[in-house]
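For reference, the chains in residue letters:
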Amino acid sequence: MESRAHEIRRNIEVVFERVRRAAERAGRRPDDITVVAVSKKFSIEDIRRAYESGIRDFGENRVQELVGKVDRWAELYPGSEINWHMVGHLQRNKVKELLGHCSTFHALDSLRLATALNQRAGGYSEVIPCLAQVNVSGEDSKFGWDPDDAESAVREILNHEHLQVIGLMTLARPVDDPEHVRPEFAKLRRLYERIQSSLSVKFEVLSMGMSGDFEVAIEEGATHVRVGTAIFGERT
Ligand SMILES: *Cc1c(COP(=O)(O)O)cnc(C)c1O
């Protein structure tokens, strides 16, 4: 049987190759796209294996799991170059735990959360790079702002001195054919451009696309794709 290290390495090579081709189709540089390996439910050993295959960005969707892994990693591999992304919804009563544990928070989804984060971060003199989450699919089950409200939300977030809003994030609808979510990605991209020009801000991160649809997301302008299953396999 193939070793776990081999399996993860091969998966990552395939993902990088798919990223490269999608970038090429869109006339973009592959280096401008960051693969965030979503390691939720996978072990620190698997994270190490992915790290050794060239991944430097990891994402978690639960703050407790994130904190556990960040602290463990720092103990095992102090001083290593690694970026941790919180990609899932954060409850206001868990804001404190996030501090000092993530380089980018992808799921800023309400002004109440922004206020809570800003207050906490102020106490630690931290500035948290955040993405405003936009619900482009319009599903009730999804967190995030309605596209029509995103600009005013970003304008409000800009008033929080301990938050730095560096872009937008979305979760597309789950579909069998990724072509079906292309319009959602295109819509977020347009919003990304429009908000920058109307508010005179400079964004850096457009976080969209997962295992099933990251190539379409790259063709539509994603700078960060969040890939779990295609790297680590199915979560059980
Ligand atoms: C789990 C998760 C992903 C990765 O999903 P895959 O389909 O396994 O690639 C991406 N984004 C968020 C917010 C997630 O929770």
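Scroll up to find the structure.
Here is what the cut-offs are and how they apply
- Residues numbered from 1 in each chain as written.
- Predicted model: local features only at pLDDT ≥ 70, side-chain atom pairs only at ≥ 80, totals over all residues.
- Heavy atoms only, no water.
- Helix = DSSP H or I, 4+ residues; strand = E, 2+ residues; numbered from the N terminus.
- Expected span 1.5 Å × (residues − 1).
- Buried < 20%, exposed > 50% of the residue type's maximum accessible area, 1.4 Å probe, protein only.
- Arc of directions from axis to C-beta.
- Contact = heavy atoms within 4.5 Å.
- Near = heavy atom within 4 Å.
- Polar contact = N/O pair within 3.5 Å; in protein donor to acceptor, adjacent residues only side chain to side chain.
- 1 Å grid on protein atoms, 1.4 Å probe; cavity = no way out; pocket = protein on both sides within 12 Å on 5 of 7 lines; lining within 4 Å.
- Sits in = over half its atoms within 2 Å of the grid points.
- Nonpolar A, V, L, I, M, F, W, Y, C, P; charged D, E, K, R; others polar.
- Points joined across faces, edges and corners; volume = space filled by probe spheres on them.
- Pairing = 2+ DSSP bridges.
- Right-handed = clockwise from strand over helix to strand, strands pointing away.
- Axes fitted to C-alpha atoms, helices over the stretch in contact; angles between N-to-C directions.
- Left-handed = near helix turned anticlockwise from the far one by under 90°.
- Core = buried A, V, L, I, M, F, W, Y, C linked by side-chain atoms within 4.5 Å.

Peer 1: Can you walk me through helix 1 (residues 4-25) in this structure?
Peer 2: Each turn of an α-helix holds 3.6 residues, which means side chains three or four residues apart point in the same direction. Look at helix 1: 32 Å from first C-alpha to last across 22 residues, which is about the 32 Å you get at 1.5 Å a residue. Those residues of helix 1 lying buried are I8, N11, I12, V15, V19, A22 and A23. Buried positions in helix 1, seen along its axis, are confined to an arc of 105 degrees and lie on one side of it. Away from its buried face by more than 90 degrees, helix 1 exposes H6, E24 and R25. In this structure, the buried residues of helix 1 make contact with strand 1 (34-38), helix 2 (44-52), helix 8 (214-219), strand 8 (224-227) and helix 9 (229-232).

Peer 1: Explain the site of the ligand here, please?
Peer 2: Taken together, V38, K40, N61, V87, L171, M210, S211, R226, V227, G228, T229 and R235 form the complete shell of residues around the ligand. The contact in question runs from an oxygen atom of the ligand to an N or O atom on the backbone of G228, over 2.8 Å. Side-chain polar atom of T229 to an oxygen atom of the ligand: 2.5 Å apart, as the coordinates give it. Assessed atom by atom at 2 Å from the grid points, the ligand resides in the largest pocket. For the shell around the ligand, the class distribution of residues is five nonpolar, four polar and three charged.

Peer 1: What is the right way to look at the layout of surface pockets in this model?
Peer 2: Rolled over the atoms, a probe with the dimensions of a water molecule shows which regions are left empty. Put simply, the largest pocket is a space of about 490 Å³. Considering the residues around the largest pocket, the lining is formed by 26 residues, among which K40, L171, M210, R226 and R235 are closest to the centre. For the lining of the largest pocket, the per-class residue count stands at 11 nonpolar, eight polar and seven charged.

Peer 1: For this particular structure, what's the right way to read the pairing of strand 6 (residues 163-169)?
Peer 2: The side chains of a regular strand alternate between the sheet's two faces. Strand 6 sits mainly inside the fold: six of its seven residues count as buried. The pairing of strand 5 (residues 128-133) with strand 6 spans six bridges and is parallel. Note on strand 6: the bridge partner recorded for A132 is L168. A crossover links strand 5 with its parallel partner strand 6, the connecting element being helix 6 (residues 147-157), and its sense is right-handed. The handedness of the strand 6 to strand 7 (residues 205-207) crossover, carried by helix 7 (residues 182-199), is right-handed.

Peer 1: Explain the packing of helix 6 against helix 7 to me, please; I cannot follow it from the model alone.
Peer 2: Between two packed helices, the angle of one axis relative to the other and the distance separating the axes together describe the packing. At a minimum axis separation of 10 Å, helix 6 and helix 7 run at an interaxial angle of 35 degrees. The handedness of the crossing between helix 6 and helix 7 is right-handed. Every residue of helix 7 that contacts helix 6 at P147, A150, E151, V154 and R155 is listed here: K187, L191, I195, S198 and L199. Of the residues that constitute the contact of helix 6 with helix 7, the class distribution is six nonpolar, one polar and three charged.

Peer 1: Hey, could you run me through the nonpolar core in this one?
Peer 2: Across soluble globular proteins, nonpolar side chains show a tendency to be buried alongside one another. Grouped together as the largest cluster of nonpolar side chains are 70 residues, with contacts concentrated most on F58, F105, L108, L117, L168 and I231. If we ignore the near neighbours within four places in the chain, the residues touching L108 are L113, A114, L117, C130, L131, A132, Q133, W145, I157 and L163.

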